Amino acid sequence: MPDIIHVDMDCFFAAVEIKDNLGLAGKPVIVGALPGSRGVVCACNYEARKFGVHSAMPISQAFRKCPKGIFLPPRGWRYVEESNRIQDIFHRFTPLVEPLSLDEAFLDVTGSHLIFGTSERIGREIKRLIREETGLIASVGIAPSKLVAKIASDLQKPDGFVIVYEEETLDFLAPLDARKIWGVGKATWKILEKRGLRLIADIRAYPVDELERILGKSGRHLHELACGI
């Protein structure tokens, strides 16, 4: 059974704002800079994403795409409060919690099975407790490695739950866009795409020494990630 759980809160900042003001439910909510000012989108809900809005987008562009959106300034203290409540839930199951940000974390539950059962049972219980105690929704990915768990948690959002077993890892990764791999940003993607390396399977099949030639030391690391290592 895979033992790494990645929990990722769905539209966290926007979800907290909606939780605090239920009148926002069902409306496009965009948290970040306000229209007319310089800045970017920090987070938005799925209603806003339907208009093409996404995180890190310049707020002026977000306003053009969604002029009827509800634009709200971030309230960091509230997000920290809710994040702390969620972190407390994690620590009920394992001390091995690695937060990546306020709204996501890795949990190693290798030593938790005797008390709490399988990784699947733990993951589903965490989702239930988060919803029950905070009113917020999390997506969960469970896999043998952090990379695969993080990719898995993103595949069925919102409210997703995906398990990838060790023997399924290569088949799971193979058809996915290479940009799913950590470290494949715009510059690396440009190099890969030029050589037809668009899928994770393409990178895995490409000679390692050639990857090192075109990407430097990170080439071997990229190949290992493509192999689920």
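See the structure above.
1. Topic: the state of the cysteines
Here the structure, examined in full by the defined rule, presents zero disulfides. Not engaged in a disulfide, the cysteine Cys-44 finds its nearest cysteine sulfur in Cys-11; these two sulfurs lie 6.7 Å apart. Relative accessible area serves as the criterion here: at 1%, Cys-44 is assigned to the buried category. Cys-66 takes part in no disulfide bond, and the closest cysteine sulfur to it belongs to Cys-44, at a distance of 8.8 Å. The exposure class assigned to Cys-66 is buried, which follows from its relative accessible area of 1%.

2. Focus on the sheet that holds strand β1 (residues 4–9)
Spatially, β5-β6-β1-β7-β8 is the arrangement adopted by the five strands of the open sheet, whose pairing is mixed. Of all the strands in the sheet, the pair left with one neighbour each is β5 (97–101) and β8 (161–163). Looking at each pair of strands side by side, their axes are set apart by 15° on average, direction ignored. By the bridge criterion, four bridges tie β5 to strand β6 (residues 104–108) in an arrangement that is antiparallel. Residue Val-97 lies in a different strand from β6, and its bridge partner there is Leu-107.

3. Some details on the pairing of β6
Counted residue by residue, β6 has four buried out of five residues, so it is predominantly covered. In terms of strand pairing, β1 meets β6 through five bridges, oriented antiparallel. By the bridge assignment for β6, Val-7 is matched with Ala-105.

4. Observations regarding the packing of helix α1 (residues 12–20) against helix α4 (residues 76–91)
Two numbers describe how α1 lies on α4: the axes approach to 10 Å, and their chain directions differ by 100°. In this view, α1 runs roughly perpendicular relative to α4, as classed from their interaxial angle. Side by side, α1 and α4 meet where Phe-12, Phe-13, Val-16, Glu-17, Lys-19 and Asp-20 of the first sit next to Arg-78, Tyr-79, Glu-82, Ser-83, Arg-85 and Ile-86 of the second. Grouping the constituent residues of the contact of α1 with α4 by class yields five nonpolar, one polar and six charged.

5. Brief notes about the environment of Ala-56
Here Ala-56 shows up in the loop between α2 (46–49) and α3 (59–65). A relative accessible area of 55% means that Ala-56 is categorised as exposed. The sequence separation of Ala-56 and Gly-32 amounts to 24 residues, and the corresponding C-alpha distance is 9.1 Å.

Cut-offs applied
- Every chain's residues receive numbers from 1 upward, in the order its sequence appears when written.
- Where totals are concerned, whole chains, interfaces and linings use all residues; where local detail is concerned, this predicted model gives features only for residues with pLDDT of at least 70, and gives and counts side-chain atom pairs only at 80 or more.
- Neither water nor hydrogens contribute to the side-chain values; these are computed over all heavy atoms in the structure.
- Throughout, disulfides are identified as pairs of cysteine sulfur atoms within 2.5 Å of each other.
- Any residue under 20% of the maximum accessible area for its type is buried, any over 50% is exposed, and the rest in between are partly exposed; the area is computed with a 1.4 Å probe on protein chains only.
- The pairing criterion is simple: DSSP has to find at least two bridges between the two strands.
- Secondary structure is summarised from DSSP: a helix means a run of H or I of at least four residues, a strand means a run of E of at least two, and numbering begins at the N terminus for each.
- Here the axes come from fitting lines to C-alpha atoms, over the contacting stretch only for helices, and the angles between their N-to-C directions go from 0 to 180 degrees.
- Throughout this description, any angle smaller than 35 degrees is read as roughly parallel, any larger than 145 degrees as roughly antiparallel, any in the 65 to 115 degree range as roughly perpendicular, and the remainder as oblique.
- Contact between two residues is taken to exist if any of their heavy atoms lie within 4.5 Å; hydrogens are not considered.
- Three residue categories are used. Nonpolar comprises Ala, Val, Leu, Ile, Met, Phe, Trp, Tyr, Cys and Pro, charged comprises Asp, Glu, Lys and Arg, and polar comprises the others, including Gly.

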